[in-house]
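Breakdown of the fold
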Amino acid sequence: MSMADIASGYAGAPVRLHYRQLQTWLSDQNMETLRARHEEAELIFRRVGITFAVYGDDDGTERTIPFDIVPRVFPAEEWRHLKAGLIQRVQALNMFLQDVYHDQKILKAGIVPADQVLGNTSYRRAMHGVDVPLNIYAHIAGIDLVRATHGDRAGQFFVLEDNLRVPSGVSYMLENRKMMMRLFPDLFSTHQIAPVDHYPDLLLSALQQVAPPTDRYSNVVVLTPGMYNAAYFEHAFLAQQMGVELVEGQDLYVDDDDVVYLRTTQGPRRVDVIYRRVDDDFLDPEIFREDSVLGPAGLMRALRAGNVSICNAVGTGVADDKSIYPYVPEMIRFYLSEEPILNNVPTYMCRRSDELSYVLANLKDLVVKEVHGAGGYGMLIGPTASKAEIEAFRQQLVANPDHYIAQPTLSLSTCPTFVGAGVAPRHIDLRPFVLSGKDVRMVPGGLTRVALKEGSLVVNSSQGGGTKDTWVLQSAGES
């Protein structure tokens with residue numbers, strides 16, 4: 001697609017008002033200049049070490065996540081609507097977690113089936129009755145949003161999934177912004193773009209707010225599985241940006257006083273808050289996997305004693321499981337007595353026989369996902385799957401219907417994207433990051449992920465997706 005095509009919009013569609021300034025700039029650009037900037041960005045990302053590993057790769061090499069030089073733009077009013085809906089949703093999810101680990105009112109009311117919660121592999125019985133500071137379980141939430149483009153849902157944003165365990169990607173949001181400011185400073189002089197670089201400060205503040213009471217400065221650490229983890233760059237980046245220690249399991253120990261300590265060359269130092277990037281199963285070999293060395297033995301003892309806070313809390317995974325996702329709108333009504341501002345994608349629960357029958361009869365038109373799946377794995381995209389793939393997936397679905405949900409294939413919105421042949425439309429989603437402490441806060445923006453393959457709906461980096469900067473335009477007088 002040529003720059004002239006960009007100037008006239010895609011497929012004859014008018015360019016939306018908040019994109020027109022960017023459209024004018026794009027139409028004035030030389031394709032070779034844009035290509036050079038694109039290559040420069042990739043070189044810098046690799047030099048700085050902004051890479052990720054893909055599990056299962058035969059060669060075990062690390063990759064850079066492809067970065068797109070054409071930003072995504074939100075007008076201020078649209079962002080205010082999304083922000084209100086995201087804050088509402090995260091508040092309800094935290095109330096749900098507090099409830100299911102204490103009084104279980106929503107289960108007793110029959111709004112969420114008790115067996116789907118208490119029998120869920122992500123429900124941690126060790127957390128039942130354990131009080132956490134401010135009743136906050138998901139201190140950092142990454143909520144995936146998509147916008148529909150056709151039918152009666154056109155223009156609406158939908159929540160695709162909630163990420164509450166160890167949500168990742170915020171480092172790419174921050175690095176993408178720095179890269180755009182480096183490559184195209186002239187764009188920032190002609191647009192009033194809300195900043196995102198204060199995210200590490202907001203994150204550190206949220207973590208400190210849930211620290212156990214102390215008369216000294218709270219000691220926060222970031223717990224990583226180690227340098228071979230796919231998201232290690234982000235772990236190190238956030239620790240550095242917050243000015244706190246990046247630690248591994250062997251760096252910590254729990255003493256007889258049920259306090260967590262960090263081993264240092266000056267002697268042990270008490271740890272108050274652990275921002276963990278380690279899955280529940282590996283956090284404490286006394287309670288979970290006995291063979292784990294990724295977390296210190298006795299960590300749950302320290303938590304129960306109120307001597308340490310773990311962020312996100314152990315057991316948050318039960319609220320972002322795809323089998324629980326369909327009930328989030330009812331959680332909002334139950335806990336907040338409000339109507340959801342943001343809707344779910346309509347979802348069929350294959351554990352229900354009537355809905356399973358519908359799914360089996362319409363596999364070619366649906367997206368089917370494993371309830372515990374992530375990263376774009378374990379799913380079927382019916383419209384792009386072969387007959388053989390559909391039939392193979394049908395057998396899995398019949399054998400284990402409880403393990404799957406299904407959704408209609410939304411016609412996801414697209415955004416101008418720089419690809420090999422020039423600038424062309426590619427499907428996108430958005431992951432804003434919501435921080436919960438004494439209040440709920442977020443920076444204006446998020447991680448826009450883009451499916452770089454033409455026609456693809458899979459944006460995950462592990463499946464070949466890329467990322468782009470996300471701009472929220474400020475209204476006059478906003479800061």
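Our structure's up above, just so we're on the same page.
Residues numbered from 1 in each chain as written. Predicted model: local features only at pLDDT ≥ 70, side-chain atom pairs only at ≥ 80, totals over all residues. Heavy atoms only, no water.

Our focus in this paragraph is the packing of aromatic side chains. Using the criterion set out here, one finds 14 aromatic pairs in the structure. Ring centres of tyrosine 101 and tyrosine 137 lie 6.0 Å apart, and the angle between their planes is 15°; this geometry places the pair in the stacked category. Within this pair, whereas tyrosine 101 is found in the loop between helix 4 (76–100) and helix 5 (105–108), its partner tyrosine 137 is found in the loop between helix 6 (114–118) and strand 4 (140–147), the two being separated by 36 residues in sequence. On the basis of relative accessibility, which here comes to 0%, the residue tyrosine 101 falls in the buried class. Judged by its relative accessible area of 0%, tyrosine 137 is buried. Measuring from ring centre to ring centre gives 5.6 Å for phenylalanine 233 and phenylalanine 237, while their planes differ by 35°; the resulting arrangement is tilted. In this pair, phenylalanine 233 and phenylalanine 237 are both assigned in helix 10 (residues 232–242), four residues apart and thus about one turn of the helix distant. The pair formed by phenylalanine 233 and phenylalanine 237 is uniform in burial state, with each residue classed as buried. By the ring-pair criterion, three or more aromatic residues cluster together here, those being Phe74, Trp79 and Phe157. (Phe/Tyr/Trp six-rings, centres within 6.5 Å; stacked < 30°, edge-to-face > 60°. Helix = DSSP H or I, 4+ residues; strand = E, 2+ residues; numbered from the N terminus. Buried < 20%, exposed > 50% of the residue type's maximum accessible area, 1.4 Å probe, protein only.)

Turning our attention to the pairing of strand 11 (residues 273–276). The alternating pattern of strand 11 places Val273 and Tyr275 and Ile274 and Arg276 on opposite faces, both of which are buried. Note that strand 6 (residues 220–223) and strand 11 share four bridges and pair parallel. The residue of strand 11 that forms the bridge with valine 220 is valine 273. Where strand 11 and strand 12 (residues 309–311) come together, three bridges link them in parallel fashion. Counterpart to valine 273 in the pairing with strand 12 is serine 309. For the crossover that starts at strand 11, traverses helix 11 (residues 299–304) and ends in the parallel strand 12, the hand is right-handed. (Pairing = 2+ DSSP bridges. Right-handed = clockwise from strand over helix to strand, strands pointing away.)

Before going further, it helps to examine the nonpolar core. Membership of the largest hydrophobic core comes to 73 residues, with the highest contact counts inside it found for Phe96 and Met331. In this view, methionine 331 contacts Ala92, Leu93, Phe96, Ile106, Ile324 and Leu336; residues no more than four positions away in its chain are not counted. Grouped together as the second largest cluster of nonpolar side chains are 59 residues, Ile69, Val70, Ile140 and Leu207 included. (Core = buried A, V, L, I, M, F, W, Y, C linked by side-chain atoms within 4.5 Å. Contact = heavy atoms within 4.5 Å.)

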